[in-house]
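Now for the letters of each chain:
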Amino acid sequence: MSRLERTGHPTALDLPRRFGPRGPVSRRRVGRSLLVAGLVLAGASLLWSVSASPALQAFALGLAFPGGGFVICGASAPAMDMTALWIGGASAAAFGLALFLCFATGNVLGPPAVWLGAAVAASLYAVHHGCLAAESGGLPVLGLTLAAGLAGMGLAFFRPVPVSTPGMVERPAARPLVRVAASPSELGDDDLARLRFLLDRALQPLDRFDGFERLDPFQSAALRYQLQFAGFALAMIQRNHLPALQAYLTDAQANLIDKARAHRVWRYWAAESLWGRGRIDPNPFAADNVMYTGFCATQIALFQAASGDRRFSVPGAFSLIHPSGRRFQADFPSLVGNIAGQHARSDFGLIACEPNWLFPVCNSIGYAAIAAHDAQFGSGVWAGMAARQQAMLRSEFTDGRGRFVTCRSSHTGLAVPAIGGVLTQLLPSFFLNATLPVLAAENWQRLRGDLIEQTGAGTRARLGQFWPIDVGNYRFTRIAGLCGAAATAVELGDQEVAEAMLGALDARYPMATSGGTGHRPDASIWSHAFEIMARCGRQDGLRDLVQNPVDPSRAETSPHISACPYPAALVAKAAASEGQLDITLVPGSGAARVSLDLAGLRPSRVYRRSDDASAFTSGPDGRASIDLHLTERRRITIREAA
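Student: Summarise helix α9 (residues 247-259); cite the residues concerned and give the values.
Tutor: Over its 13 residues, α9 extends 18 Å from the first C-alpha to the last, a length consistent with the 18 Å expected when each residue adds 1.5 Å. Burial within α9 is extensive, with 11 of its 13 residues counted as buried. Three or more residues of α9 are buried, namely Ala247, Tyr248, Leu249, Thr250, Ala252, Gln253, Ala254, Asn255, Leu256, Ile257 and Lys259. Packing partners of the buried residues in α9 comprise α7 (189-202), α8 (223-240), α10 (263-266), α12 (290-307), β9 (560-563) and β10 (569-577).

What follows is the structure in structure tokens.
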């Protein structure tokens, strides 16, 4: 049973519906945008009314509406000018495309450039064709009336509305953190097969990206997300099931982080900086861009927390090299300092992904890096900013039902529809559980009732609530939504929802296995990663990882596997307790003789292995090797001989 309420719409947390955003910053930005639109429309109307020039009239109508100058010119000609009408329609379509690209790539210059360019082009067209009639006096009156309405609405948005309401008083109580079990559970064959899907991609040479998808560099299928979500999953696997495995699991995580330093991963920022910020600056750390800086910081944070390996905290360890030779210095502490400073300077409290667009889910991921840095280095940055971030999320980034908006424009204050469906609303709960657990639980309570329905046979997923598109690769499946919901349910301790999501996943999208590697056809890499986090996670697993990192000195002095031949031997369990090392090995490519390197043993001591009762002696450095013929799943306990 879940520790959360079973009703899908808890009355205590419902918010009154209001027109427009609730937050004061958002309302002011929306008001400002409406006032500007009203002024432009009023200016266009006045220009039309006082001018008899076809060129100025066309320009005025072009300012009033994208492509409007061509449309009116074509319609008002003695013989209807189809060329002008077609150009006007094309101008309106180009403006729509520019709006889409503004969202998809942060190109904030595109929409105004297309709009103004169409107005200028209509003016030139009118000069050459002389097709406008000055006696159309009704248009200025209509324009001024609409302008006055827009201005009035804009002024209304400058009046504040109450953010706190009686319905927001009762909230889920903060709960104590559930600590990880002393002896992590063993991975089954299916989980190992799923894990191999990520490991095969992570362990290839750094300059190789075989098996990764290259669909677009800007949106959710971008290469960076594949690297980062895979890294998150491997860190959680290490924490929950394989804490005493360094070897290939540590190498895989470090490789994914290093792959994120490749120019092909972050070169998109040069374009976004130019058309989104008006700056020629390819440095992805400069400003905004939380989808790279914040995500990479969290990827490093979770790797260090799970493994105890602090290599990326060395000054300059995450530096990037541009093809021009420029070097952009970075490491884990500087990445955290960068994003924390941007949060402090932001009027909304959040950092933009693409320039202008503020996503709660992206920022919730970056929060984990700041909190993890506090836990790893004893700083108090997150503690000093958590209250403001929580307040801003509640006031500026929730809709009338109290759910997170997908994203909001920092320039206009407007929010876009829920692109990505319920997935973009529920994923913040997964990551916020590590930093703002009460807010995470609130959001989950509002959403969970939409995810499941009761049937005679029990609980099942409401598939219609999920986008029919995998946002990780744009293929037509609901896999991403089901995997994301399952992982969030596990993290929030909602076993009922988790089982319904995973049951639907298995029923509709069966896993295929080839050569010991499991995958779901048509599923994206980050869908696979979230499924692993669901199946191999536990309640408060991410929260525990962020808040209670492995101590580096303990990681070195506790017994662990330091080298293991992958994929000849797959480690299904590796846990150390009181000097004892428990290992489960599975052959990954048929029977083979393998050698394991062990470290963290007591120096120059005799140890005995349980599988064949043989003894070996650790070296003065606490290291040793054991050999075995691996033909089937084998469990080995290694302890110091009496």
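From this point, the narrative continues.
Student: Account for the packing of aromatic side chains, naming residues and giving values.
Tutor: By the definition in use, this model includes 28 aromatic pairs. When the centroid spacing of 5.8 Å and the interplanar angle of 45 degrees are considered together, the rings of phenylalanine 218 and tryptophan 275 count as tilted. Note that phenylalanine 218 is positioned in the loop between α7 and α8 and tryptophan 275 in helix α11 (residues 268-277), a separation of 57 residues in sequence. Relative accessible area serves as the criterion here: at 17%, phenylalanine 218 is assigned to the buried category. According to the relative accessible area criterion, tryptophan 275 is partly exposed, its value standing at 24%. Ring geometry for tryptophan 526 against phenylalanine 530: centres 5.7 Å apart, planes inclined by 65 degrees, an arrangement best described as edge-to-face. Taken as a pair, tryptophan 526 and phenylalanine 530 lie in helix α20 (residues 525-535) at a separation of 4 residues, close to a single helical turn. Taking relative accessible area as the criterion, tryptophan 526 reaches 7% and is therefore assigned buried. What makes phenylalanine 530 buried here is its relative accessible area of 2%. Sitting above the plane of the phenylalanine 197 ring, arginine 201 keeps its charged end 3.8 Å from the centroid.

Student: So what about the packing of α8 against α20? Which residues, and what values?
Tutor: How two helices pack is summed up by the angle between their axes together with the distance between the axes. Put simply, α8 and α20 touch, their axes get as near as 8 Å, and they point 15 degrees apart. If you check the angle between α8 and α20, you find them roughly parallel. The two elements α8 and α20 meet at a crossing, and its hand is left-handed. Listed contacts from α20 to Tyr225, Gln226, Phe229, Ala230, Phe232, Ala233, Met236 and Ile237 of α8 are Ile525, Trp526, Ala529, Phe530, Ile532 and Met533. Split into classes, the residues belonging to the contact of α8 with α20 amount to 13 nonpolar, 1 polar and no charged.

Rules behind the numbers
Residues numbered from 1 in each chain as written. Predicted model: local features only at pLDDT ≥ 70, side-chain atom pairs only at ≥ 80, totals over all residues. Heavy atoms only, no water. Helix = DSSP H or I, 4+ residues; strand = E, 2+ residues; numbered from the N terminus. Expected span 1.5 Å × (residues − 1). Buried < 20%, exposed > 50% of the residue type's maximum accessible area, 1.4 Å probe, protein only. Contact = heavy atoms within 4.5 Å. Phe/Tyr/Trp six-rings, centres within 6.5 Å; stacked < 30°, edge-to-face > 60°. Lys NZ or Arg CZ within 6 Å of the ring centre and 35° of its normal. Axes fitted to C-alpha atoms, helices over the stretch in contact; angles between N-to-C directions. Parallel < 35°, antiparallel > 145°, perpendicular 65-115°, else oblique. Left-handed = near helix turned anticlockwise from the far one by under 90°. Nonpolar A, V, L, I, M, F, W, Y, C, P; charged D, E, K, R; others polar.

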